[in-house]
Amino acid sequence: MRVAMIGAGYVGLVSAACFSEFGFSVTCVEASPERLATLRAGHVPIYEPGLERLVAANVAARRLSFTSEIEEAVPAADVVMLAVGTPSRRGDGYADLSFVHEATGQVADMLEGYTVVATKSTVPVGTGRKIGWIIRERRPDAAFDVVSNPEFLREGSAIDDFMRPDRVIVGVESSEAQAVMRALYRPLFLIETPVLFTSLETAELIKYAANCFLATKITFINEIADICERIDADVQDVARGMGLDGRIGRYFLHAGPGFGGSCFPKDAAAFAHIAREAGAPCGIVETVLRSNTARKAKMTNKIVQACGGSVAGKTVAVLGVTFKPNTDDVRESPSLVILPGLAERGAAVRAFDPAGMDEARSILGGVDWCGDAYDAMADADALVILTEWNEFRALDLARVKGLMRTPLIVDLRNIYEPEEVAAAGFRYVSIGRPKAESSAETVNQKVRRLHATG
């Protein structure tokens, strides 16, 4: 089977590499000359663990190739996958489908023989119908079916997600197209991956519904964390207690500074627009978007308050600017709100991230970018942990204290135990957990304090 992947961005490149690893012949069509040159030189233009090795191995095996010419990929393909960008449209948050429509027209002109045209891009409900209409208008003679095959790749673990997925979703309307897609995913049958065949509209909606639900879990536990701070409860124990309920599950119940990245903010905004257009507005998702936006500003204020109510003239060290670890993606990251917010309040911001500084540097001005975590801490009045990279989880606290002007750690990812950090001589501020010093209170003192504030 031959696959043409239109777009060698994050989704397209990971999917192409993994399909070629299955043994299929895959040709990626990439319009960006810079990205294409990078790929042909044997390098991967995105940070994703294991991807460069996988691409190199399959290029060497002649199963994976890259081109800028769509006519080199589409005519011989059994499956053409659209993996182009669908950024949020300015003004209403709806997905911008211009790249999808442009690519569809180009594909239509090159179709030869029966072909399945599948959307990998995250697209609003009804896009599959539109793609079919565009192809039929341009090529009434073409033999094709349109399929929706949404991706569920997490940045930082995308290869494992593709090779060992929880499920594969395929929106399909003909037995011939279903047979082609079943053959495409046959390598996953050995590990008994569930494959759900459904309608085009349903498959398109599943992707949005799944991402919005996960975004809601994150937002919910963040608001629970705020309550915990008011009543001296521990959000991590609350999350564990909730997660032990099989109906809820433990994933995405980690309190923090708010969600970001290329999927959740964009998809939630697009879903909210879809729901309004359908005449069935989704109040939960609308609230999630508002709460998450407010969360990032709230975290800036939390840092300022931890610094005594002002950061003017102070140096703040920030560890991590990507929206999550194991990626170089800073899109919609809390850092894009928090770092400028600190600078606007007069702070000198020193920052380090293992993978995201090149991208962040082009977006964030007024930041002193450092060579490593300890370099960022030099003479700092506060240390802020913003992304939970593994290398930040076991810092030499004695060394950290010796480098800093003021021993204050604001941990917005709860990667340290309060007692451990307090014992090392730091004032430690985290998310939704009792302060370490409060453990010395007697039960009666704590009860009186809670009654006084309630």
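Going by the structure above, here's the rest.
A few points on the structure. No experiment lies behind these values; they were computed from the predicted model shown.

With that out of the way, let us pick up the state of the cysteines. Applying the stated criterion to the full structure yields zero disulfides. Note on cysteine 28: no disulfide assigned, nearest cysteine sulfur contributed by cysteine 18 at a separation of 11 Å.

With that settled, consider the packing of aromatic side chains. Counted under the stated rule, the structure contains eight aromatic pairs. With centroids separated by 5.9 Å and ring planes inclined at 45 degrees, the aromatic side chains of phenylalanine 22 and phenylalanine 162 adopt a geometry described as tilted. Taken together, the residues span a long stretch of sequence, with phenylalanine 22 in the loop between α1 (10-21) and β2 (25-29) and phenylalanine 162 in helix α6 (residues 158-163) at a distance of 140 residues. Across this residue pair, the class does not change: phenylalanine 22 and phenylalanine 162 are buried. Note on tyrosine 47 and tryptophan 389: the rings are 6.2 Å apart at their centroids and 70 degrees apart in plane angle, and the pair reads as edge-to-face. Of this pair, tyrosine 47 sits in the loop between α2 (33-40) and α3 (51-60) while tryptophan 389 sits in the loop between β12 (382-385) and α15 (397-403), placing them 342 residues apart in sequence. According to the relative accessible area criterion, tyrosine 47 is partly exposed, its value standing at 35%. Feature note: the residues Phe19, Phe22, Phe162 and Tyr185 constitute an aromatic cluster, connected by ring pairs. The side chain of arginine 167 reaches across the aromatic face of phenylalanine 152, ending 3.7 Å from its centre. Geometry around tyrosine 374 places arginine 399 over its ring, the cationic atom sitting 3.8 Å from the centre.

Once that is clear, we can look at the pairing of strand β10 (residues 348-352). Burial runs high along β10: four of the five residues are buried. Across five bridges, the pairing between strand β9 (residues 315-319) and β10 is parallel. Pairing of threonine 315 across the sheet is with alanine 348, part of β10. As a crossover connection, the stretch from β9 through helix α12 (residues 335-344) into β10 is right-handed.

Rules used throughout
- Residues numbered from 1 in each chain as written.
- Predicted model: local features only at pLDDT ≥ 70, side-chain atom pairs only at ≥ 80, totals over all residues.
- Heavy atoms only, no water.
- Disulfide = S-S within 2.5 Å.
- Phe/Tyr/Trp six-rings, centres within 6.5 Å; stacked < 30°, edge-to-face > 60°.
- Helix = DSSP H or I, 4+ residues; strand = E, 2+ residues; numbered from the N terminus.
- Buried < 20%, exposed > 50% of the residue type's maximum accessible area, 1.4 Å probe, protein only.
- Lys NZ or Arg CZ within 6 Å of the ring centre and 35° of its normal.
- Pairing = 2+ DSSP bridges.
- Right-handed = clockwise from strand over helix to strand, strands pointing away.

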